[in-house]
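# Fold and geometry: a report
So the chains spell out like this:
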Amino acid sequence: MFKRSEQDKRPQVQIFVDGVAVAARQGDTVSAALLASRRDVRRSTAVSGAPRLPYCMMGVCFDCLVTIDGVGNRQGCIVPVAEGMQIEIQKGKREIGK
Amino acid sequence: MTMAPKREDYDVVVIGAGPAGLAAAATSAEAGLSTLLLDENIGPGGQVFRAISSTPVTERSQLGADYWVGADLVQSLRASNAEVIHRATVWSLDRNLDIAVSIGGASAFVKAKRVILATGALERPFPIPGWTLPGVMTAGAAQTMLKSSALVPDGRTVIAGQGPLLWLLAAQILRLGGRIDRILDTTERGNYFAALPHAFAFLTSPYFAKGLSMMREVKAKVQVVSGVTELAASGDGQLASVSYVAGGKRETIPVDLLLLHQGVVPNVNLAMSAGVEHRWDDLQLCWSPVLDASGNSSVAGIAIAGDGAGIGGANAAVVRGRIAARAAVEALALATAAKLPAMATLRVDLARAERGRVFLDTLFRPAPQFRIPSGDTIVCRCEEVTAKDVLDSVAIGATGPNQLKAYRRTGMGPCQGRLCGLTVTELMAQARGKTPQAIGYYRLRAPVKPITLAELAAVPKGEADVKAVVRG
């Protein structure tokens, strides 16, 4: 859906999405890195299990909810990526203990 | 990195680091008031100047001169003594001007003598069939990715809706080498006539020439379909096609990405939760706070600046920020106000910045069918409640948005009504033959952003706090 402009010279940051290494860029939000990864990063909703992707990218819609470093229901669109960050695509509700 | 506020008390706390917040905090600090600026994002800029200090888009002309104005605002702020904390989510503000803010997973509490809310705007809900499908996003979302990560659409892309941002985004995507297959313009034909009486102010505003040249730039490269009266997205778990009607003819096109936009509306959650009175704005079709000429709200000590005060655009937001800050300085340290530009000068600046706004509001007033959905179209994205669900609830006795929560949980999901509130108000108003003002809005309460129970439980508490909730 999205590609990176060639003028983007930011250093790479390696993150892991469901255990798979993905190259992000310094300053990307988690959601931007996921959308740029060309992987299937659709979460499923807590209510019906319907697939969703981020909608607003500015912190208001909560369709970017994702598990980051073991903590569920984080807003991926307002959290910057960090080297070695572990991201899990959230399926359904946040799990107890996550 | 966790950076808690350095003090417990401030003269002025500004919430939001967009154009209004940047200007307000710099002005307040420059006058010598202890000033704290809290902002949820990674860096300063808000939405319009998003990633102004970090954007990888180095070819300046691609984002346009209006964007880079933000760099001067950030520079003024940095030159001042204002304390600035990013990635700080304010989750509570009350009538005593006590503020709770979540920073790095821990909450801090500060008290202000004056609060300036600069929480800006968000995109108006665009509840069409299929708007929850993966592959459907807001135009603002695409612009956020473009500014902060130099990401542009590269699949089959359609932009649908209306308003100045839509054309700006289209121009920026094209300049960065992105792909747009078609633009579906939903501006109602009748709006052009309605806007005509306000055209003079617009023609003599800076928006006119800029807007016209941007539209020309885009139309030279992209097929634009005007007069779109129906719009729907479809696909099985992923957007596959967009269907629309223009000039009475239906067309369906395969598409990977649909970007929706029909203007912006004030982000009211924090202000409403603090008890600030809002009124329904019949022209802008949204809730706007009741404010005096300096931005002071119905709650003593809380002022609102920027688009949260009613949509006026970035230039107006900057001036409103300066006005609200000057008013705070006059109230707290009158002697130092002399350093600042006079209020009369600022009001002239504001009138200039707001010139042409009524024309834009009238021309780009979204059509009823794109605001008030029917049938199986989802209204509340979080709780997955359809228009029919809402109408069925009205039929068995739901009188307004707050009663509707008990019937259907609308507005009770994580977004707390930000993506459904206006739709619910207008839908229920129409169904019950009442005005949106009479129907009202969700009663909003802290925490206005979700925080974990663990974070709440870790909040320091005294003996009195424990006594207040423990029996016996």
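As a reminder, the structure under discussion sits directly above these lines.
Reference entry: report on the structure contained in this document. (Residues numbered from 1 in each chain as written. Chains lettered and ligands numbered in written order. Predicted model: local features only at pLDDT ≥ 70, side-chain atom pairs only at ≥ 80, totals over all residues.)

### With respect to the overall build of chain A
Along the backbone of chain A there are one helix and eight strands. Against the globule reference of 13 Å for 98 residues, chain A gives a C-alpha radius of gyration of 13 Å, in line with a compact fold. Taken over the C-alpha atoms alone, chain A extends approximately 40 × 25 × 20 Å along its principal axes. Out of the 98 residues belonging to chain A, those deemed buried represent 46%. A sequence separation of at least 24 residues applies to 42% of the contacts in chain A between residues at least 6 apart. (Helix = DSSP H or I, 4+ residues; strand = E, 2+ residues; numbered from the N terminus. Rg over C-alpha atoms; globule rule 2.2 N^0.38 Å. Buried ≥ 20, exposed ≤ 12 C-beta atoms within 10 Å, placed from the backbone. Contact = placed C-beta atoms within 7 Å.)

### Structural notes on helix α10 (residues 314-332) of chain B
Over its 19 residues, α10 of chain B runs 27 Å from end to end, which matches the ideal 27 Å to within 8%, given 1.5 Å per residue. For α10 of chain B, the tally of buried residues reaches 16 of 19 residues, placing the bulk of the element in the interior. (Expected span 1.5 Å × (residues − 1).)

### Things to note about the interface of chain B and chain A
How big an interface is tends to be reported as the loss of accessible area on association of its parts. Contacts between chain B and chain A engage 41 residues on the former and 35 residues on the latter. Mapped by element, the contributors of at least two residues to the side of chain B that touches chain A are β7 (121-123), β8 (136-138), α4 (139-149) and β9 (151-153) of chain B. The element contributing the most residues to the side of chain B that touches chain A is α4 of chain B, with six residues. Of the residues in the side of chain B that touches chain A, the class split is 18 nonpolar, 14 polar and nine charged. Here strand β1 (residues 2-4) of chain A runs beside β9 of chain B; their pairing, made up of three bridges, is antiparallel. (Nonpolar A, V, L, I, M, F, W, Y, C, P; charged D, E, K, R; others polar. Pairing = 2+ DSSP bridges.)

### Observations regarding the sheet that holds strand β16 (residues 257-262) of chain B
Residues and elements named next belong to chain B. Spatially, the five strands line up as an open sheet ordered β8-β16-β10-β11-β12, and their pairing is parallel. Pairing within the sheet leaves two strands with one partner each, and these edge strands are β8 and β12 (223-225). Taking the axes of each pair of neighbouring strands and ignoring which way they run, one obtains an average angle of 20° across the sheet. Strand direction decides the pairing type here: strand β11 (residues 182-185) and β12, joined by three bridges, are parallel. Bridging from a neighbouring strand, R182 pairs with Q223 of β12. (Axes fitted to C-alpha atoms, helices over the stretch in contact; angles between N-to-C directions.)

### Observations concerning the sheet that holds strand β7 (residues 71-75) of chain A
Hydrogen bonds between backbone groups are what pair the strands of a sheet, and the pairing can be parallel or antiparallel. Residue and element names in this part refer to chain A. Sheet architecture is open: five strands sit in the order β3-β2-β8-β6-β7, paired in mixed fashion. Each of the sheet's edge strands pairs with one partner strand only, and the pair in question is β3 (20-25) and β7. Strand after strand, the sheet turns through a mean of 40° between neighbouring axes, direction not considered. In the sheet, strand β6 (residues 65-68) pairs with β7 via three bridges, with the strands oriented antiparallel. Bridged to L65 within β7 is Q75.

### Describing the packing of helix α5 (residues 164-175) of chain B against helix α8 (residues 206-219) of chain B
Residues and elements named next belong to chain B. Orientation of α5 relative to α8, taken along the N-to-C sense of each, is 50°, at an axis distance of 9 Å. Taken together, the axes of α5 and α8 lie oblique to each other. For the crossing formed where α5 meets α8, the hand is left-handed. Contacts between α5 and α8 involve P164, W167, L168, A170, A171 and L174 from the first element and G211, M214, M215, E217 and V218 from the second. Tallied by class, residues from the contact of α5 with α8 come to nine nonpolar, one polar and one charged. (Parallel < 35°, antiparallel > 145°, perpendicular 65-115°, else oblique. Left-handed = near helix turned anticlockwise from the far one by under 90°.)

### Observations concerning unusual backbone geometry
The amide bond that connects A446 of chain B to the next residue, P447 of chain B, takes the cis arrangement and shows omega of -5°. As for its placement among the helices and strands, P447 of chain B is situated in the loop between α17 (436-439) and α18 (453-457). The backbone phi angle of R38 of chain A is positive, close to 65°, even though this residue is not glycine. With respect to the helices and strands, R38 of chain A occurs in the loop between α1 (30-36) and β4 (43-44). Backbone geometry at M57 of chain A places phi at a positive 60°, although glycine is not the residue there.

### Looking at the environment of G247 of chain B
Assignment of secondary structure puts G247 of chain B in the loop between β14 (241-246) and β15 (249-254). Taking C-alpha positions, G247 of chain B is 9.6 Å from V225 of chain B, a pair spaced 22 residues apart along the chain.

Note that every value here comes from positions in space, so none of it alone points to a role or purpose.
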